Amino acid sequence: MAIRVFLLLPVFLSSAIVSFSLYEDQAGLADWHQRYIGKVKHAVFHTQKTGRKRVIVSTEENVVASLDLRHGEIFWRHVLGTKDAIDGVGIALGKYVITLSSEGSTLRAWNLPDGQMVWETALHSAHHSKSLLSVPINLKVDKDYPITVFGGGYLHAVSALDGEVLWEKDFTAEGFEVQRVLQPLGSTVIYVLGFVNLSEAVVYQIDSKSGEVLAQKSMAFPGGFSGEISSVSSDKVVVLDSTKSILVTIGFLDGDISFQKTPISDLVEDSGNAEILSPLLSNMLAVKVNKRTVFVKVGGEGKLEVVDSLSDETAMSDSLAVADDQEAFASVHHEGSKIHLMVKLVNELDNVLLRETIEMDQHRGRVHKVFMNNYIRTDRSNGFRALIVMEDHSLLLLQQGAIVWSREEGLASVTDVTTAELPVEKDGVSVAKVEHTLFEWLKGHVLKLKGSLLLASPEDVVAIQELRVKSSGKNKLTRDHNGFRKLILALTRGGKLFALHTGDGRIVWSMLLKSQACERPNGISLYQWQVPHHHAMDKNPSVLVVGRCGSDSSAPGVLSFVDVYTGKEITSSDIGHSVVQVLPLPFTDSTEQRLHLIADTVGHVHLYPKTSEALSIFQREFQNIYWYTVEADDGIIRGHVMKSSCSGETADEYCFTTRELWTVVFPSESEKIISTLTRKSNEVVHTQAKVNTDQDLLYKYVSKNLLFVATVSPKGAGEIGSVTPEESSLVVYLIDTITGRILHRLSHQGCQGPVHAVFSENWVVYHYFNLRAHKYEVTVVEIYDQSRAENKNVWKLILGKHNLTAPITSYSRPEVFTKSQSYFFAQSVKTIAVTSTAKGITSKQLLIGTIGDQILALDKRFVDPRRTLNPSQAEKEEGIIPLTDSLPIIPQSYVTHSHRVEGLRGIVTAPSKLESTTHVFAYGVDLFYTRLAPSKTYDSLTDDFSYALLLITIVVLVAAIYITWALSEKKELSEKWR
Amino acid sequence: MTQIIRSSPVLAFIALQISFIFFASTLTCTSGSEDSCYTITGRVKIPPSNVIGHTEKFSNVKVLLNGGHKITFLRPDGYFTFHKVPAGTHLIEVSAMGYFFSPVRVDVSARHRGKVQATLTETRRSLTEMVLEPLREEQYYEIREPFNVMNIVKSPMGLMVGFMVVVVFLMPKLMENIDPEEMKQAQEEMRRQGVPSLTSLLPGAGASR
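Conventions used here
- Residues numbered from 1 in each chain as written.
- Chains lettered and ligands numbered in written order.
- Predicted model: local features only at pLDDT ≥ 70, side-chain atom pairs only at ≥ 80, totals over all residues.
- Heavy atoms only, no water.
- Helix = DSSP H or I, 4+ residues; strand = E, 2+ residues; numbered from the N terminus.
- Rg over C-alpha atoms; globule rule 2.2 N^0.38 Å.
- Buried < 20%, exposed > 50% of the residue type's maximum accessible area, 1.4 Å probe, protein only.
- Areas by Shrake-Rupley, 256 points an atom, 1.4 Å probe, with all protein chains shown as cover.
- Lys, Arg positive; Asp, Glu negative; His and termini not counted.
- Charge placed at Lys NZ, Arg CZ, Asp CG, Glu CD.
- Arc of directions from axis to C-beta.
- Pairing = 2+ DSSP bridges.
- Axes fitted to C-alpha atoms, helices over the stretch in contact; angles between N-to-C directions.
- Phe/Tyr/Trp six-rings, centres within 6.5 Å; stacked < 30°, edge-to-face > 60°.
- Lys NZ or Arg CZ within 6 Å of the ring centre and 35° of its normal.
- Patch = residues over 30% accessible without salt bridge, like charges linked within 9 Å, V, L, I, M, F, W, Y side chains within 5 Å.
- Salt bridge = Lys/Arg side-chain N within 4 Å of Asp/Glu carboxyl O.
- UniProt positions renumbered as here; feature names shortened; annotations may be inferred.
- Contact = heavy atoms within 4.5 Å.
- pLDDT = per-residue confidence, 0-100.
- Buried area = accessible area lost by both parts, 1.4 Å probe.
- Polar contact = N/O pair within 3.5 Å; in protein donor to acceptor, adjacent residues only side chain to side chain.
- Core = buried A, V, L, I, M, F, W, Y, C linked by side-chain atoms within 4.5 Å.

What chain A contains, in helices and strands, is eight helices and 64 strands. Against the globule reference of 30 Å for 978 residues, chain A gives a C-alpha radius of gyration of 34 Å, in line with a compact fold. Along the three orthogonal principal directions, the C-alpha set of chain A runs to about 120 × 85 × 60 Å. In chain A, buried positions account for 55% of the 978 residues. Accessible area for chain A stands at about 42,500 Å²; split by element, carbon and sulfur atoms hold 53% of it. Here chain A contributes 98 positive and 112 negative side-chain charges, whose respective centroids are spaced 6 Å apart.

The following block contains the structure:
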């Protein structure tokens, strides 16, 4: 074994070549990039007669984007910071998109056609509060009505032209919370209605030019308000009182306040608590009572009357002026697999302007939001289009009874990713129809040759691209020999599971997680449930989807088992206990279902699958199951072991109690846990040995039970700049999770987080900030096993006097030593991953997700503690790079080349069958996939291998042979004649 | 530095200069904390270039404070502002596709009412003139070398052809130089063995000697 290692290791080390690089015409061959925006919160249509029709949206991923209304493509988009949530969006002056973000403290204007930021204004805000953006609908472009913004206790008026703050009013002292700002058209007076401590209604009349308070009226409401509000007309709002059973109409005509109370029980019989729905309808409001949507008309004197009621599953849009004095709104409700879109006039609910029925995919769930827009048809009648947001976050445009376009925006919030194999091709060897005729084959290769010799014209380049995509057969839905075609399973926050094809990124199937217990379970994580390979080959592989009813960790969990080939749910169960941690065990039953343990909040663990066979396997290994929990807030890491069946408490025989085995407590005054990490459990390590240049042997300490923990001083846990170098230090630990023993401790003075780390084989690489140098640093720690260092003698190996076959136990104190080295790195980092290959022979590359949302491939040789300033000749031959103080950023080694994976959150790697190649999938707001060969494809010909050149060479050689043969014959003849 | 540098596009691209002009102003930062808050204003200037997609590139520039804690964008004139920055030492990074910017260490002084000092962390150059030059332009693709006879020759096929040429044209020359007697001997041996082998052809292989 070791000898084979000796032979192989240098071969592969020396074969490691300068990292990933790509020619421009190869972009898009093995990779794809998909752009998303996230679940839409607000939408504003911009459909003027001239120019492109677009819709401006803001989303839960803090994206502001302009979409083409015809095709749903993105004209432009901007991803704001993670803490810069968008509160409101509007269009001012017909040319600027206005966004209010960060709880009403940042106001930005973007140029509508190209998305260039025009101005940005920071507004005062004293505390966290609801914020409000009011952009006047401007009919006269020349007149600049100010934008009014409320947030954090301040009311601002901002000029739409340049973002200048015209005036501001400080309401922090009164505790005044603005609820509505009304600007009657043509008037310079704005009415500001708000509540003081939710018990007093106050109306200010403010001059919109100067900000002067013209009048102020206040009126106390003894019961107090609940805060839910709906404005029904320019001088009336309807609010709900604190008991949620009385609707109060507040009229503030000409600055006078009047209350009018209407108990909901007067409107609807035996009503419970009410809830005001968000759509703004003119002279009407929608209230949710008894799971029904009730439309309440507001009469002239604030009199309320019920005009209609609908079933619960109805989504509505705001009302919209369709004619001179008529307003209409859209409502969508479900019926079986269809949805009904109706547009009604607000004044006459019986007058349905539009009724459309559209077949809808069941896996999109219910309609969450509706945004309506109208247009004038050629026959001067009104046409309507509706933008709807579904439960799975997808965005669809409905027009004329059909789905014009749809965007799978759920993929912008991927929470977990795993990969799965495609089915094997059934009908024996049915090789793809490669090329039709020899002539076409030759033509294609001549084109390729032209391309590689840079003789191709632009048309040829396009033809080559097409040919490559076609001939590779990369989009087939069957397994290929190299393992390049796979399914990427992505679970989204909205609880939908997507299967994406690695070839072109298309959605093969998708499935919405369902639960009996709750309406909308969230997706948490994905596990390989059944991967048949030896026996049970006839079974389809399946995955386990773990979801949760609600965001709280103690909420009950939902399990779903999904067939990977078909995308159908096999079974699902509401497990009745919470899910804190899911532990895949290294055992499978006779049908190759993997055993999983699920730990809940009360300290019990539950075994899945719930079969007696699984139970008997588990009972056998009962003593050997350990796991750990990290309580980051308290700075405690605990190790657990199984104790007994919890039969005393419940009758469930698959439930077990646990016992605490060890604890590591970090002093809370000096250390705070900011990052923990273990090795990937499915990682393959090719060899335990590492050969030094001087033929010395090192044994890697390869253990699956190592935990990397990084702590910082509590002061340094904040952002950069909040702490001085003297106050902060970073400490990293390597902890054995079976015994709780700390194997290694390394302290970095004057450093702070955030720490991004990657753990593979016997090394950890982590990225942190060095406050003294004011630069980012990357440190590598490699851990080696000292106890096996004696097995170097060949005679010992031959005579069997080595301890290589001795069992390893975590209870014996391991003799380990570490090597480490640090380097500077010039960029902030969002995430780090490492490539993984089938056998682990290929050298590794770090995949660094940078702050610019790009992914940099960095050879592991750059983070090798053996690097020295002047490597010896032998070391150079082995591929050791001279030590430099910072890691190189080579632009050609960005695997994302000219793309940005906006909002990058994670990178997942998976091996292909070909040892040289690995799949890389990065997710954030965008998705990106590529195939990497960290040491180049040494085990297969590359795509751009020129068969034509080979053929031509052979032809030339054959011709040369014949010519020379003829020549030599001739010469021989003439010589014989002489 | 605010003047646009007039030069040919190529030169402009090489001499791409992005200047940061820092100044800070105290804002009456009325947030709950006692920290006095300041504003950092700078400028990223990219001279006009004829490269397609230049304006698009420009509108996709992001400026990040402290590793993405705050993100802002450029105005049409290239200015950017970070509001409500507490006194202390901060890090500004510029993310622009196609360019590599050095991170900038920014010291906001509490004593001097928000005076800002900037230093490039990569080159450790202090920005006394408040000018930052990008370290380099980034090319994400390998550039294909133009058609070259040497490349063909150097490729494996080329080497094969070359070897054949050598065998075809130089081997006879070598044969000529061989002593005729030796040649005859070799030929005889070949006949005796029946199978021609490469070692016996070569002079000095001397298996028969």
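All names here are of chain A. Regarding helix α5 (residues 612–620), the residues found buried are Ala 614, Leu 615, Ile 617 and Phe 618. Buried residues of α5 fall within an arc of 165° about the axis and therefore sit on the same side. Turned more than 90 degrees off the buried face of α5, the exposed positions are Ser 612 and Arg 620.

For the rest of this paragraph, the subject is the sheet that holds strand β54 (residues 742–749) of chain A. In sheet architecture, strand pairing relies on hydrogen bonds along the backbone and comes in two forms, parallel and antiparallel. Residues and elements named next belong to chain A. Taken together, four strands build an open sheet; the order of strands is β49-β52-β53-β54 and the sheet is antiparallel. Looking at strand neighbours, the two that pair on one side only are β49 (672–678) and β54, the edges of this open sheet. Sheet twist, expressed as the mean angle between neighbouring strand axes with direction ignored, is 15°. Examined bridge by bridge, strand β52 (residues 706–712) and strand β53 (residues 729–736) share seven bridges and lie antiparallel to one another. Across the sheet, the residue bridging to Thr 711 is Val 731, located in β53.

Below, the discussion takes up the packing of aromatic side chains. Residues and elements named next belong to chain A. Summed over the entire model, instances satisfying the criterion amount to 25 aromatic pairs over all chains. Centroid distance Phe 618 to Phe 656: 4.7 Å. Interplanar angle 50°. Geometry classified as tilted. Pair noted here: Phe 618 is in helix α5 and Phe 656 is in strand β48 (residues 655–665), with a separation of 38 residues, a long-range link. On the basis of relative accessibility, which here comes to 0%, the residue Phe 656 falls in the buried class. Taken together, the ring pairs in this structure connect Trp 32, Phe 921, Tyr 923 and Tyr 929 into an aromatic cluster. Here the basic side chain of Lys 775 rests over the ring of Phe 824, its NZ or CZ set 4.5 Å away from the ring centre. Across from the ring centre of Trp 763, 4.8 Å away, lies the NZ or CZ of Lys 860, which sits over that ring.

On to a negative patch on the surface, then. Taken together, the side chains of A:Glu969, A:Glu972, A:Glu975 and B:Glu176 define an acidic patch exposed on the protein surface. Ranked by the residues each element gives to the negative patch, the list is headed by helix α8 (residues 947–977) of chain A, at three residues. Note on placement: A:Glu972 falls in helix α8. On the basis of relative accessibility, which here comes to 42%, the residue A:Glu972 falls in the partly exposed class.

The next subject is the pattern of salt bridges. Oppositely charged side chains are able to pair whenever their charged atoms sit close together. Counted according to the given criterion, the structure contains 29 salt bridges over all chains. Measuring nitrogen to oxygen at the nearest pair gives 2.8 Å for the salt bridge that ties A:Lys860 to A:Glu782. One end of the pair, A:Lys860, is in the loop between β61 (855–859) and α7 (873–878); the other, A:Glu782, is in strand β57 (residues 775–785), with 78 residues separating them in the sequence. Judged by its relative accessible area of 11%, A:Lys860 falls in the buried class. Put simply, A:Arg900 and A:Glu902 hold a salt bridge, and the shortest N to O gap is 4.0 Å. Taken individually, A:Arg900 and A:Glu902 each receive the classification buried, so the pair is uniform in this respect. Within this structure, A:Lys830, A:Asp853, A:Arg900, A:Glu902 and B:Lys62 form a network of salt bridges that share partners.

Those places that UniProt annotates as "transmembrane region" (unreviewed entry) correspond, in this numbering, to residues 157–175 of chain B. Across residues 157–175 of chain B, the secondary structure splits into 100% helix and 0% strand, with the terminal C-alpha atoms separated by 26 Å.

Residues and elements named next belong to chain A. Along the chain, the position of Thr 831 falls in strand β59 (residues 829–834). Residues Thr 831 and Val 863, spaced 32 residues apart in sequence, show a C-alpha to C-alpha distance of 17 Å. The residues contacting Thr 831, other than those within four sequence positions of it, are His 756, Leu 847, Ile 848, Gly 849, Leu 904, Arg 905, Gly 906 and Ile 907.

Okay, the confidence of the model for chain B next. One rule of thumb: low pLDDT means the predicted coordinates there are not for detailed reading. Residues and elements named next belong to chain B. The pLDDT averaged across chain B works out to 69; a share of 64% of its residues lies at or above 70. Confidence drops under pLDDT 50 across residues 1–34; counting only partners more than four residues distant or on other chains, this segment forms 83 contacts. The ipTM assigned to the predicted complex is 0.81, against a pTM of 0.84.

All right, on to the interface of chain A and chain B then. In this assembly, 65 residues from chain A lie in contact with 55 residues from chain B. For the pair chain A and chain B, the summed buried surface comes to about 5,400 Å²; carbon and sulfur atoms form 57% of the total. Summed over the three residues of chain A that lose the most area to chain B, namely A:Gln116, A:His774 and A:Arg900, the buried surface amounts to 12% of that side. Linking chain A to chain B there are two salt bridges. Our count for the contact surface shared by chain A and chain B stands at 15 residue pairs in polar contact (both at pLDDT 80 or more). Counting residues per element, the ones that place at least two in the side of chain A that touches chain B are β5 (74–79), β8 (106–111), β9 (117–122), α3 (438–452), β57 and α8 of chain A.

The residue B:Thr72 is located in strand β4 (residues 70–73) in this model. The buried category is assigned to B:Thr72, whose relative accessible area is 1%. Of the polar contacts made by the side chain of B:Thr72, one reaches the side chain of A:Glu120; its length is 3.0 Å. Setting aside residues up to four positions removed in sequence, B:Thr72 forms contacts with A:Arg108, A:Glu120, B:Val61, B:Lys62, B:Val63, B:Phe80, B:Thr81 and B:Phe82.

Next up on the list: the nonpolar core. Residues and elements named next belong to chain A. Val 57, Leu 387, Phe 921 and Leu 927 are the most contacted members of the largest nonpolar core, which totals 34 residues. Once residues within four sequence positions are removed from consideration, Phe 921 is found in contact with Trp 32, Val 417, Ile 488, Leu 500, Gly 906, Ile 907, Val 908, Leu 927, Phe 928 and Tyr 929. Grouped together as the second largest cluster of nonpolar side chains are 24 residues, Val 758, Trp 763, Val 778 and Ile 889 included.

Let's shift gears to the sheet that holds strand β9 (residues 116–120) of chain B. Residues and elements named next belong to chain B. In spatial order, the strands read β4-β3-β6-β8-β9; together these five strands make up an open sheet with antiparallel pairing. Bordering the open sheet on either side are β4 and β9, each of which pairs with just one other strand. This sheet shows a mean twist of 25° between the axes of neighbouring strands, independent of strand direction. One ladder, built from four bridges, connects strand β3 (residues 62–65) with β4; its direction is antiparallel. Note that in β4 the partner of Lys 62 across the bridge is Phe 73.

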